[in-house]
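# Residue-level structural notes
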Amino acid sequence: MIKAGIIGSTGYAGAEIVRLLLQHPEAEVVWYGSRSYADQPYADVYRNMFELVDDRCLSEDMDELAKRADVIFTATPQGLCASLVNDEILKHTKIIDLSADFRIKRPDVYEQWYKRTHEAPQFIQEAVYGLCEINRDSIKNARLIANPGCFTTASILTLYPLVEEGLVDLSSIIVDAKSGVSGAGRGAKVQNLYCEVNESVKPYGVTSHRHTPEIEEQLSYAAGMDYENGQSVLINFTPHLVPMNRGILSTCYAALKEGVSASQVEDAYRRRYQDEYFIRLLGEGNFPETRWVEGSNFLDIGWTVDPRTHRLVACGALDNLVKGAAGQAVQNMNILFGLKENTGLELVPLFP
């Protein structure tokens, strides 16, 4: 049985890890970490856990946790994991970090977008970007995994086969994405109050959203660029907040290279994803909806080619708290410990 500890277990992503691990046949939670609710019963914070979790919330003492847990999930704000991790901890346990601390291989880019000095640059190169469908071979032997963001997972996986096979003009990529409110976290913020969000759709982080460099880095690797020496795909990325609890819909636009056909686009998707359990290809002319993936670890992808403009329009939908955060983290854990990737994650989407 895999012993798992969670730091940040009372945030939305941390709570989703708890929900998934309680149903996991090969794992148990041994540490419910929470700075805000230390020593309070976990089920008092989340009443859906009444009579399911008897434990109290503990501190974020990663040194002590590393002695008890085989794997630590850090579902915390940027900077915390980097401030706590050290080589001694990594000798005893594995860490799956849901923040952006180790997602970006260039510290200067991280510091530019996150406006903070990186506190553990010595681990950046070792950390494996935990996009399971792309990096599973590297994940298997990792000590430190950077769990991807929600917008990034939807956007990268939707575009990856086309960039990898050189079918699109890299200078033409635009990503327009929509997110449910849980993506902003559980903290109290005026802009996320019911009356501020309901009956409205608004863009935010226009040209400045922190997931932009993460998408650019991974697409650069797909294109075979030397990202760490300054080569990079550049995209326009605009996220929007919509009045729903969960979900990401990422609509990606790109100009196809001359001579590229719709059948080549479909072939690229099939070659890359036909054996991937968690990626459901809807095919040409069929488009995903967030309601059909809610509560699950699936990513649904559909696309079309506009014959007038010779542009691709590809859409990806996922649950931002599952495949976009906690589910992907558990999928990473399964790979780390040699389990089938869908162990504990065979979740049928919720509807209605």
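What this report covers is the structure whose coordinates are included nearby. (Residues numbered from 1 in each chain as written. Predicted model: local features only at pLDDT ≥ 70, side-chain atom pairs only at ≥ 80, totals over all residues. Heavy atoms only, no water.)

This brings us to helix H8 (residues 150-164). Under the 1.5 Å per step criterion, the end-to-end length of H8 is 21 Å for 15 residues, consistent within 8% with the ideal 21 Å. Its maximal kink placed at threonine 158, H8 deviates by approximately 30°, while the proline proline 161 follows within four residues. The buried count for H8 comes to 14 of 15 residues, which makes it a mostly enclosed element. One or two steps after H8, the chain reaches glycine 166, where phi turns positive at roughly 70°. (Helix = DSSP H or I, 4+ residues; strand = E, 2+ residues; numbered from the N terminus. Expected span 1.5 Å × (residues − 1). Bend = angle between axes of the 7 residues up to and from the residue. Buried < 20%, exposed > 50% of the residue type's maximum accessible area, 1.4 Å probe, protein only.)

Next up on the list: the pattern of salt bridges. Using the criterion set out here, one finds 23 salt bridges in the structure. Across the salt bridge formed by glutamate 341 and arginine 136, the nearest N and O atoms sit 2.6 Å from each other. Here glutamate 341, found in the segment after helix H12 (322-336), pairs with arginine 136, found in helix H7 (residues 132-139); they are 205 residues apart in sequence, far enough to count as distant. Where salt bridges share partners, they join Glu16, Arg19, Arg246 and Asp319 into one cluster. (Salt bridge = Lys/Arg side-chain N within 4 Å of Asp/Glu carboxyl O.)

This next bit is on the layout of surface pockets. Space inside the largest pocket adds up to approximately 1,500 Å³. Along the walls of the largest pocket sit 48 residues, with Gln78, Gly183, Ala184, Gly185 and Lys189 positioned nearest its centre. Of all the secondary structure elements, the ones that give two or more residues to the lining of the largest pocket are helix H1 (12-22), H8 and H12. Here the lining of the largest pocket gets 3 residues from one element, more than from any other, and that element is H1. For the lining of the largest pocket, the class distribution of residues is 18 nonpolar, 23 polar and 7 charged. Looking at the second largest pocket, it is lined by 25 residues, and the ones nearest its centre are Tyr12, Val181, Ser182, Asn245 and Leu321. Mapped by element, the contributors of at least two residues to the lining of the second largest pocket are H1 and helix H9 (194-197). (1 Å grid on protein atoms, 1.4 Å probe; cavity = no way out; pocket = protein on both sides within 12 Å on 5 of 7 lines; lining within 4 Å. Points joined across faces, edges and corners; volume = space filled by probe spheres on them. Nonpolar A, V, L, I, M, F, W, Y, C, P; charged D, E, K, R; others polar.)

On to helix H6 (residues 107-114), then. Val109, Tyr110, Trp113 and Tyr114 are the residues of H6 that are buried. Here the buried residues of H6 occupy an arc of 110° about the axis, which is enough to place them on one side. Immediately beyond the C-terminal end of H6, within one or two residues, lies lysine 115, with a positive phi of roughly 55°. (Arc of directions from axis to C-beta.)

A separate point is the sheet that holds strand S8 (residues 202-203). Strands sit in the order S8-S9-S7-S10-S13-S12-S11 across an open sheet of 7 strands; the sheet is mixed. Here the strands that pair on one side only, and so sit at the sheet edges, are S8 and strand S11 (279-284). Of the pairings in the sheet, the one linking S11 to strand S12 (residues 299-306) comprises 5 bridges and is parallel in character. Paired with leucine 281 across the two strands is isoleucine 301, which belongs to S12. (Pairing = 2+ DSSP bridges.)

The next point concerns the packing of H7 against H12. Running from N to C, H7 and H12 point in directions that differ by 35°, and their axes come no closer than 10 Å. Between H7 and H12 lies a crossing of right-handed hand. The segment H7 lies against H12, with Cys132, Glu133, Arg136 and Ile139 engaging Lys323, Gln328, Gln331, Asn332, Ile335 and Leu336. Tallied by class, the residues present in the contact of H7 with H12 amount to 4 nonpolar, 3 polar and 3 charged. (Axes fitted to C-alpha atoms, helices over the stretch in contact; angles between N-to-C directions. Left-handed = near helix turned anticlockwise from the far one by under 90°. Contact = heavy atoms within 4.5 Å.)

Quick look at the sheet that holds strand S6 (residues 144-146) now. One open sheet accounts for 6 strands, arranged S2-S1-S3-S4-S6-S5; its pairing is parallel. Strands with a single pairing partner mark the edges of an open sheet, and in this sheet they are strand S2 (27-33) and strand S5 (128-129). Bridge count for strand S1 (residues 2-7) against S2 is 6 bridges, and the pairing is parallel. When the bridges of S2 are listed, lysine 3 appears paired with glutamate 28.

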